[in-house]
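Per-entry structural report
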There are 2 protein chains.
Amino acid sequence: MTNSQTPIYLDHNATTPVHPEVVEAMLPYLREHFGNPSSGHVYGQRAHAAIEHAREQVASLIGAQPDEIVFTSGGTEANNLAIRGIAEFTENRRHIVTSTVEHPATARPCAYLERHGFEVTWLPVDSDGRVRQGEARPFVRGDTLLATIMLAQNETGTLMPIRELSDLAHAKGALVHTDAAQAVGKIPVEVDDLGADLLSIAGHKLYAPKGVGALYVRRGVRLAPLVLGAGHEGGLRPGTENVPYIVGLGAACELAGRDQETESTRQRALRDDLWKRLHTAIPGLRLNGHPTERLPNTLNVSFPGAKGSAVLAAAPEIAASTGSACHEGGESPSGVLLAMGREPEEALEALRLSLGRHTTQREVEEAAAALARAFHRIVRGPRQV
Amino acid sequence: MTNSQTPIYLDHNATTPVHPEVVEAMLPYLREHFGNPSSGHVYGQRAHAAIEHAREQVASLIGAQPDEIVFTSGGTEANNLAIRGIAEFTENRRHIVTSTVEHPATARPCAYLERHGFEVTWLPVDSDGRVRQGEARPFVRGDTLLATIMLAQNETGTLMPIRELSDLAHAKGALVHTDAAQAVGKIPVEVDDLGADLLSIAGHKLYAPKGVGALYVRRGVRLAPLVLGAGHEGGLRPGTENVPYIVGLGAACELAGRDQETESTRQRALRDDLWKRLHTAIPGLRLNGHPTERLPNTLNVSFPGAKGSAVLAAAPEIAASTGSACHEGGESPSGVLLAMGREPEEALEALRLSLGRHTTQREVEEAAAALARAFHRIVRGPRQV
């Protein structure tokens, strides 16, 4: 994929292709096995069995029990269900702790609760984009209902110290939700190791399709449904189940469990090579995100003296993003980078490169060369080209 | 499909198979065209163009404008978005009118609002399952915010007089929502003819997959989003768009527009033949639903002296349902039939047979024979078989 028709895809944090094995797993459920899982007859039974198998596959990847998995229409819905669902059972706890670098799918539900009688503490992050346990400690209180902090930041790949934050929260009797949309499939994710009571998964970030996700709900945690209707998904998510995509999410989770270690080693090496090449070609290139506590596939850099959008426009060989795909279109600086203390100008110089399963060494070399060429063309000005 | 492994499928109101042309339309978006529609690069642009094309196809089927279509994860979510979304903008109107035979995806959001400061009038239906305009008139008031009545009842197929109810509602300044999940694709549905301000579509009832739907929102109608996050779907439905299924829903709507008239004629003839055969073989068989103002594919009958579930169990050649798939599992009488004035015993005798695009004359004959055999075996008792 190296011509301008199909540029090198370095935008896997925006979305991943569906893995061919996932497509194959899904196809029988788009074709012959079309039953409604709620139907009592054989068509329904077959569909029901398929989603229960997928539930086991998803649970297995994150060290959960199948009955702790609720399928949703994606990561955004999973976050909404977790945060707004838990807020229905407050037991007089009306305080929520989150961070200043959450995805809108977490930040907006928190802001909604803030407008509806909850107090929300928005924890700052350090210059690497991490919430520090020490900074968080004074803000976790006896009336804290929920701490919701993402596991891996979507723009920078920075990993949050969820275990340490969970310990703080649990010591005060609060529950812990983590948006693991960017993490699952890229790093090992175990709900018990993290101390997560609720954890969101987005299918399309791990080679399943867009439009399916899951929420892990620890046994004993009480949630109210967000969408109201019939009794699907233990009453937590009504609506006829998306059988093909649920099957796909299960298959993707099984693949992730099989390949995650190999792939993260491989992608980290490629990513580090990309950084080395760019950094050599572009003196003053700055890394955005934690140098080591970071997703293995993610490289967010700021170009000294050139906007990320301009570099991208000048490098049509590359498909990447200046930030979150969900914020595309505007030319405003990334709020995530601002929260990390970057000046607006420097934030506008950022570019996110996110690698994936199909990224090759050759693509990395071509991408580095194309980006360096584009950068130098811009800073030298058009005359010198 | 006539052996017990794959019984004759007469449960199309529970769910339909995905049409092969719909699968074909979707496959490129499950395979090569995997971009995130929010991404600025060519992968994103291609995905974006695909969902905008689908938006035109959906709009065209119901006589709407593309910008009036919001894609959702299904009919349940569409109903929730309509009812709860409209309730955020009340302008001091805090009264809702609905019926006693709505799907839980409408009834539960209404009940939720009833618990949160709204008054809800649950309109009765007549013995054919229709809300009568005359019955409704006194209940539509100056403070009525919304009338939400389904277009076609899912268990009986009875069609509601939405146009007449819309006229009542609009005369009082109220808005009109109709759950058209069962109607779209089976009968002509035009938002202006119906006078609908909001209308829900469920993909899997019209040969698109489970897990996609749409809400028609008339221009000028203000809604709040149900799920909160980034700005997708005009801010009304955040979350990365389910591109393949949206493409599939578009294709299914185009197919429905092309074939609806022919298919409804064909299925009505088959359905009426099924009724005739059953009625001849089983004296005292009773029709549940309106004799003429009814979906062309739906036949809900009560067997005199035998439970619907028993007849089904004794006719493994048939895949059908005793009522809504969403209520399966229990042995309680259908609330819809009770609302129509049936005695609990008679309601338990009901069986819903719903035909589809692939139903053949031969299947109808075999189904009628199998159901009649099963019925007579039950009422005669096991000794006489």
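Throughout this document, residue positions are counted from 1 along each chain, in the order its sequence is written. Ligands are numbered from 1 and chains lettered from A, in the order in which they are written. Reporting in this predicted model follows two pLDDT cut-offs: at least 70 for local features of residues, and 80 or more for side-chain atom pairs to be given and counted; totals over whole chains, interfaces and linings ignore these cut-offs and use all residues. Neither water nor hydrogens contribute to the side-chain values; these are computed over all heavy atoms in the structure.

Some words on the overall build of chain A
- The secondary structure listing takes helices from DSSP runs of H or I that are at least 4 residues long and strands from runs of E that are at least 2 residues long, numbered from the N terminus. Summing up its helical and strand segments, chain A has 12 helices and 12 strands in all.
- With the radius of gyration taken over C-alpha atoms, the globule rule is written as 2.2 Å times the number of residues to the power 0.38. A compact globule built from 385 residues should have a C-alpha radius of gyration of about 21 Å, and chain A, at 21 Å, falls within 12% of that.
- Taking the principal axes of its C-alpha atoms as reference, chain A extends roughly 70 × 55 × 35 Å.
- Only protein chains enter the accessibility calculation, which uses a 1.4 Å probe; a residue whose area is less than 20% of its type maximum is buried, one above 50% is exposed, and one in between is partly exposed. Residue burial in chain A is summarised as follows: out of 385 residues, 64% are buried.
- Contacts between residues were defined by any pair of non-hydrogen atoms, one from each residue, lying within 4.5 Å. Sequence separation of at least 24 residues holds for 74% of the intrachain contacts in chain A that already meet a minimum separation of 6.
- Carbon together with sulfur atoms contributes 50% to the accessible area of chain A, which is approximately 13600 Å² in total.
- Neither His nor the chain ends contribute to the count of charged residues, in which Lys and Arg are positive and Asp and Glu negative. To locate a charge, take NZ of a lysine, CZ of an arginine, CG of an aspartate or CD of a glutamate. Charged side chains in chain A number 38 positive and 45 negative. The centres of these two groups are separated by 4 Å. All accessibility values rest on the Shrake-Rupley procedure with a 1.4 Å probe; residue burial counts only the protein chains present in the view.

Things to note about the relation of the copies chain B and chain A
- To superpose the copies, least squares is applied to the C-alpha atoms of every residue with a pLDDT of at least 70 in both. Turning chain B through 180° and shifting it by 0.0 Å along the axis lays it on chain A, with an RMSD of 0.0 Å. This pairing of chains is accounted for by a two-fold axis. Considering only C-alpha atoms, the residue of chain B closest to the rotation axis is Ser73 of chain B, which sits at 3.1 Å.
- Looking at the interface residues of chain B, 100% of them are also at the interface in chain A, so both copies use one shared face.

Re the layout of surface pockets
- Here the largest pocket defines a volume of roughly 780 Å³.
- Listed by contribution, the elements that provide at least two residues to the lining of the largest pocket are helix H3 (75-86) and helix H4 (104-115) of chain A together with helix H3 (75-86) and helix H4 (104-115) of chain B.
- A total of five residues in the lining of the largest pocket trace back to one element, the largest contributor, which is H4 of chain A.
- For this classification, the nonpolar set comprises Ala, Val, Leu, Ile, Met, Phe, Trp, Tyr, Cys and Pro, the charged set comprises Asp, Glu, Lys and Arg, and every other residue, Gly included, is treated as polar. Split into classes, the residues belonging to the lining of the largest pocket amount to 17 nonpolar, five polar and nine charged. Within this scheme a cavity is a closed region of a 1 Å grid, computed over the protein atoms alone, that accommodates a 1.4 Å probe without allowing it to escape, whereas a pocket is open but has protein on both sides within 12 Å along at least five of seven lines; lining residues each have an atom within 4 Å of a point. Grid points are joined across faces, edges and corners, and a volume is the space filled by probe spheres set on the points.

Observations regarding helix H2 (residues 42-62) of chain B
Residue and element names in this part refer to chain B.
- One less than the residue count of a helix, multiplied by 1.5 Å, gives the span that helix is expected to have. Over its 21 residues, H2 extends 31 Å from the first C-alpha to the last, a length consistent with the 30 Å expected when each residue adds 1.5 Å.
- Looking only at H2, the buried set comprises Tyr43, Gly44, Ala47, Ala50, Ile51, Ala54, Arg55, Gln57, Val58, Ala59, Leu61 and Ile62.
- Two residues or fewer past H2, Gly63 is found with a positive phi of approximately 70°.

Structural notes on the sheet that holds strand E3 (residues 95-99) of chain A
All names here are of chain A.
- At least two DSSP bridges between two strands are required for those strands to pair. Sheet architecture is open: seven strands sit in the order E2-E8-E7-E6-E5-E3-E4, paired in mixed fashion. Strands at the two margins of the open sheet, each flanked by one partner only, are strand E2 (69-72) and strand E4 (119-123). This sheet shows a mean twist of 20° between the axes of neighbouring strands, independent of strand direction.
- By the bridge criterion, three bridges tie strand E6 (residues 175-179) to strand E7 (residues 198-202) in an arrangement that is parallel. Considered in E7, the bridge of Thr178 is made with Leu199.
- A fitted line through C-alpha atoms serves as each axis, taken over the contacting stretch for helices, and the angle formed by two N-to-C directions is quoted from 0 to 180°. Across the sheet, helix H2 (residues 42-61) is in contact with E2, E7 and strand E8 (213-217); its angle to E2 comes to roughly 110°.

Remarks on the domain arrangement of chain A
All names here are of chain A.
- Note that the domain bounds were set by an automatic or database domain assignment. Taken domain by domain, chain A consists of domain 1 (8-16 + 259-384) and domain 2 (20-256).
- Between the C-alpha centres of domain 1 and domain 2 the distance comes to 28 Å.
- Across the contact, 33 residues belong to domain 1 and 32 residues belong to domain 2.
- Simply put, the buried area is the total loss of 1.4 Å probe accessible area from both parts when two parts are fitted together. Buried surface at the junction of domain 1 and domain 2, summed over both partners, amounts to about 2700 Å²; 52% is from carbon and sulfur atoms.
- Of all residues in domain 1, Thr16, Gln260 and Leu295 give up the largest surface area on contact with domain 2, accounting jointly for 23% of the area buried on that side.
- In the sections that follow, a salt bridge refers to a side-chain nitrogen of Lys or Arg positioned within 4 Å of a carboxyl oxygen of Asp or Glu. Here domain 1 and domain 2 share one salt bridge between them.
- In this structure, Glu293 and Arg130 form a salt bridge, with 3.9 Å as the shortest nitrogen-oxygen distance.
- Breaking the side of domain 1 that touches domain 2 down by element, the ones donating at least two residues are helix H8 (243-281), strand E10 (298-302) and helix H10 (335-339).
- Taken together, the residues that form the side of domain 1 that touches domain 2 break down as nine nonpolar, 18 polar and six charged.

Re the pattern of salt bridges
All names here are of chain A.
- Throughout the structure, instances matching the rule amount to 46 salt bridges over all chains.
- A salt bridge links Asp143 to Arg141; its shortest N-O distance comes to 2.9 Å.
- Asp143 gets classed as partly exposed once you look at its relative accessible area, which sits at 29%.
- Of the charged contacts in the structure, one is a salt bridge between Arg373 and Glu317, with a shortest N-O distance of 3.3 Å. Separated by 56 residues along the polypeptide, Arg373 in helix H12 (residues 361-380) and Glu317 in the loop between helix H9 (308-313) and strand E11 (318-319) bring together distant segments of the chain.
- Judged by relative accessible area, which is 25%, Glu317 ranks as partly exposed.
- It is possible to trace a salt-bridge network through shared partners that takes in Glu21, Arg258, Asp259 and Arg357.

Some details on the interface of chain B and chain A
- Taken together, the 63 residues of chain B in the interface contact 63 residues of chain A.
- Roughly 4800 Å² is buried in total at the junction of chain B and chain A, and carbon and sulfur atoms are behind 60% of that figure.
- Summed over the shared surface of chain B and chain A, the number is two salt bridges.
- A salt bridge links Arg31 of chain B to Glu24 of chain A; the shortest N-O distance between them is 3.5 Å.
- Counted as a polar contact is a pair of N or O atoms within 3.5 Å, where, for protein atoms, one must be capable of donating a hydrogen and the other of accepting one, and residues adjacent in sequence contribute only when both atoms are in side chains. Counting the contacts that link chain B with chain A gives 21 residue pairs in polar contact (both at pLDDT 80 or more).
- Elements with a minimum of two residues in the side of chain B that touches chain A: helix H1 (20-30), H2, H3, H4 and helix H8 (243-281) of chain B.
- The residue makeup of the side of chain B that touches chain A, split by class, is 30 nonpolar, 21 polar and 12 charged.

Some remarks on empty space enclosed by the protein
- Inspection of every chain in the model, using the stated rule, returns eight cavities of 30 Å³ or more.
- For the largest cavity, the lining is made up of 38 residues, of which Gly75, Thr76 and His204 of chain A together with Gly239 and Thr240 of chain B are closest to its centre.
- Secondary-structure elements contributing two or more residues to the lining of the largest cavity are H3 of chain A together with strand E2 (69-72) of chain B.
- Sort the elements by how many residues they give to the lining of the largest cavity and H3 of chain A lands first, with four residues.
- Grouping the amino acids of the lining of the largest cavity by side-chain chemistry returns 11 nonpolar, 20 polar and seven charged.

Regarding the packing of helix H1 (residues 20-30) of chain A against H1 of chain B
- Between H1 of chain A and H1 of chain B, the least distance of the axes is 12 Å, while the angle of their chain directions is 165°. As judged from the angle between their axes, H1 of chain A and H1 of chain B are roughly antiparallel. Regarding H1 of chain A and H1 of chain B, the two cross each other, and that crossing is right-handed. Where H1 of chain A abuts H1 of chain B, its residues Val23, Met26, Leu27 and Leu30 of chain A lie against Val23, Met26, Leu27 and Leu30 of chain B.
- When grouped by side-chain class, the residues that make up the contact of H1 of chain A with H1 of chain B number eight nonpolar, no polar and no charged. These descriptions rest on fixed angle ranges, namely under 35 degrees for roughly parallel, over 145 for roughly antiparallel, 65 to 115 for roughly perpendicular, and the rest for oblique. Crossing chirality is assigned from the near helix's rotation relative to the far helix, an anticlockwise turn below a right angle marking it left-handed and a clockwise turn marking it right-handed.

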